[in-house]
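# Notes for the structure review
Each chain, letter by letter, is given below.
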There are 2 protein chains.
Amino acid sequence: MVLSGIWKRHEDSKDLPPNLIISHEKTIPPEDVQEICASVGWSRREPMLIARALGNSLAVVSAWDGPLMVGFARATGDKVFNATIWDVVVRPPYQRRGIGLLVMRELLKELDTFEIPLVTLYADPGTDGFYKRFGFLTDPSGVRGMFRERM
Amino acid sequence: MVLSGIWKRHEDSKDLPPNLIISHEKTIPPEDVQEICASVGWSRREPMLIARALGNSLAVVSAWDGPLMVGFARATGDKVFNATIWDVVVRPPYQRRGIGLLVMRELLKELDTFEIPLVTLYADPGTDGFYKRFGFLTDPSGVRGMFRERM
């Protein structure tokens, strides 16, 4: 567990839980990741698979209010040229309090230590304004995100 | 080096170089990757960084006509839930001969061995028709690709 002080400088942080803890550990309990994802209606993934995916991720950030995970995000990538951010989630009762901003800042800070020049993500409808705050652009130069789900 | 026979079944393959070799090795010479990327006008990345990125990739596919790399693609990801395809390139004199299709098929075949449910990519303008042939969809459900370049 790493307690980060960066959020204290941001005005968005005024509603943050007073004892919020930020962790950059990949070995967090996968059941907690499963549960926070389910709290926003995402499908429940198997804890064993979640643990493996966290281990293979480039960076994992979680925010905790006591024993409760209240925010989460992770990134995959080649650790050199690019990274992709996945699973940015804040537990509903804790939303609109600056936790998402904090989790994203911590994740980008960790990716920046690798000096990765390009960070990408896929924004759900209505969330692109949130990501624009971090400098993300939608479809720059006409580049389009594409998806293939396995049959 | 792995010689794959899958392309023999596709009509797109009729113009393929007769002795084309497909490799799934990550330890290919990074100078060759640098050079094929430069052949389509992409910026020259340092071989040492390329080698590290290949090692950290989930899958790497290259196509060879003798000693010449004529096609390339790679994917990053968590080996469980998602993968992202990068750097799909065919050397200009070898374009429109089915090499890009073959490289993509081989890469997707390797990703499918991990049973990864979601494969994504970022398509340059005018290339989405190519990727649709493999089942990729543009911005499904309004999800948008976003990019952040490091300052």
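So, here's what we can say about the structure. (Residues numbered from 1 in each chain as written. Chains lettered and ligands numbered in written order. Predicted model: local features only at pLDDT ≥ 70, side-chain atom pairs only at ≥ 80, totals over all residues. Heavy atoms only, no water.)

### Points about helix α3 (residues 99-113) of chain B
Residues and elements named next belong to chain B. Compared with the 21 Å implied by 1.5 Å per residue over 15 residues, the 21 Å span of α3 between its first and last C-alpha is a close match. Across the 15 residues that make up α3, a large majority, twelve, are buried. When α3 is considered as a whole, its buried residues turn out to be Ile99, Gly100, Leu101, Leu102, Val103, Met104, Arg105, Glu106, Leu107, Leu108, Glu110 and Leu111. (Helix = DSSP H or I, 4+ residues; strand = E, 2+ residues; numbered from the N terminus. Expected span 1.5 Å × (residues − 1). Buried < 20%, exposed > 50% of the residue type's maximum accessible area, 1.4 Å probe, protein only.)

### Details of the pattern of salt bridges
Summed over the entire model, instances satisfying the criterion amount to 18 salt bridges over all chains. The salt bridge involving Asp87 of chain A is made with Arg45 of chain A; its shortest N-O contact spans 3.2 Å. With Asp87 of chain A in strand β4 (residues 82-90) and Arg45 of chain A in the loop between α1 (30-39) and α2 (47-55), this pair connects stretches of sequence that are 42 residues apart. Judged by its relative accessible area of 27%, Arg45 of chain A is partly exposed. Put simply, Asp78 of chain B and Arg74 of chain A hold a salt bridge, and the shortest N to O gap is 2.9 Å. Residue Asp78 of chain B is found in the loop between β3 (68-77) and β4 (82-90), and its partner Arg74 of chain A is found in strand β3 (residues 68-77); the two belong to separate chains. Given a relative accessible area of 2%, Arg74 of chain A falls into the buried group. Put simply, Arg45, Arg74 and Asp87 of chain A together with Asp78 of chain B are held in one network by salt bridges that share partners. (Salt bridge = Lys/Arg side-chain N within 4 Å of Asp/Glu carboxyl O.)

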